[in-house]
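Overview (structure and organization)
So you can see what is in the structure, the chains are spelled out below.
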Amino acid sequence: MKLRFVTNRQCPFAHKAWIALEESQRPFEMEEISLYGPNGKPDWFWKLYPAGTVPDLVAGDQVLPDSDNILDNLDTESGRPFSQRTSLTRVFDAFGRDV
């Protein structure tokens with residue numbers, strides 16, 4: 001299933017999710033929305049995710065909000081450590097400590 005990445009390029013939280021999506025080599029389309037200004041966020045976006053935050057990863061009728069959740073999902077799907085939690089776990093495992 002093709003993924004839809006709804007974001008704004010100026011959102012710093014979106015950058016890490018965007019990079020991870022590119023690195024995962026999963027096909028996705030990016031849809032950029034305005035966050036501010038006279039038009040603000042479009043009505044369809046509020047219906048998609050009422051909290052109104054970006055980034056959001058959409059697969060079918062499932063919406064995965066928040067960059068950390070997106071990274072965790074990419075970890076699970078790809079088996080690669082994209083999330084900070086996974087990376088820290090690997091570091092602590094190397095030293096024999098619990099996170």
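Residues numbered from 1 in each chain as written. Predicted model: local features only at pLDDT ≥ 70, side-chain atom pairs only at ≥ 80, totals over all residues. Heavy atoms only, no water.

1. Comments concerning the overall build of the chain
Inclusion rule: A helix here means a DSSP run of H or I that spans at least four residues, while a strand means a run of E at least two residues long, and both kinds are numbered starting from the N terminus. To sort residues, take the accessible area from a 1.4 Å probe on protein chains only and compare it with the maximum for the residue type: under 20% means buried, over 50% means exposed, and anything in between is partly exposed. Only the protein chains shown count as cover for residues, with accessible areas throughout obtained via the Shrake-Rupley method and a probe of 1.4 Å.
A tally of helices and strands in the chain yields 4 helices and 4 strands. Helices and strands in the chain line up, N terminus first, as β-α-β-α-β-β-α-α. Here the chain holds 99 residues, and 30% of them are scored as buried. Approximately 6600 Å² of the chain is accessible, and the part contributed by carbon and sulfur atoms is 51%.

2. Things to note about the sheet that holds strand S2 (residues 28-32)
For clarity, the cut-off: Only strands that DSSP links by at least two bridges are regarded as paired with each other. To obtain each axis, a line is fitted to C-alpha atoms, and for helices this fit is confined to the stretch in contact; angles are then taken between N-to-C directions over 0 to 180 degrees. Should any heavy atoms of two residues lie within 4.5 Å, those residues are counted as being in contact.
With respect to topology, 4 strands assemble into an open sheet ordered S2-S1-S3-S4, the strand pairing being mixed. Among the strands making up the open sheet, the edge pair consists of S2 and strand S4 (62-65). The sheet shows a mean angle of 20° between the axes of neighbouring strands, taken without regard to direction. Here strand S3 (residues 56-59) pairs with S4 via 4 bridges, running antiparallel. Along S4, the bridge assignment pairs Val58 with Val63. Taken strand by strand, helix H1 (residues 12-24) contacts strand S1 (3-7), S2 and S3, and its axis lies near 160° from that of S1.

Everything listed here is a matter of coordinates, which is why it stays silent on function.
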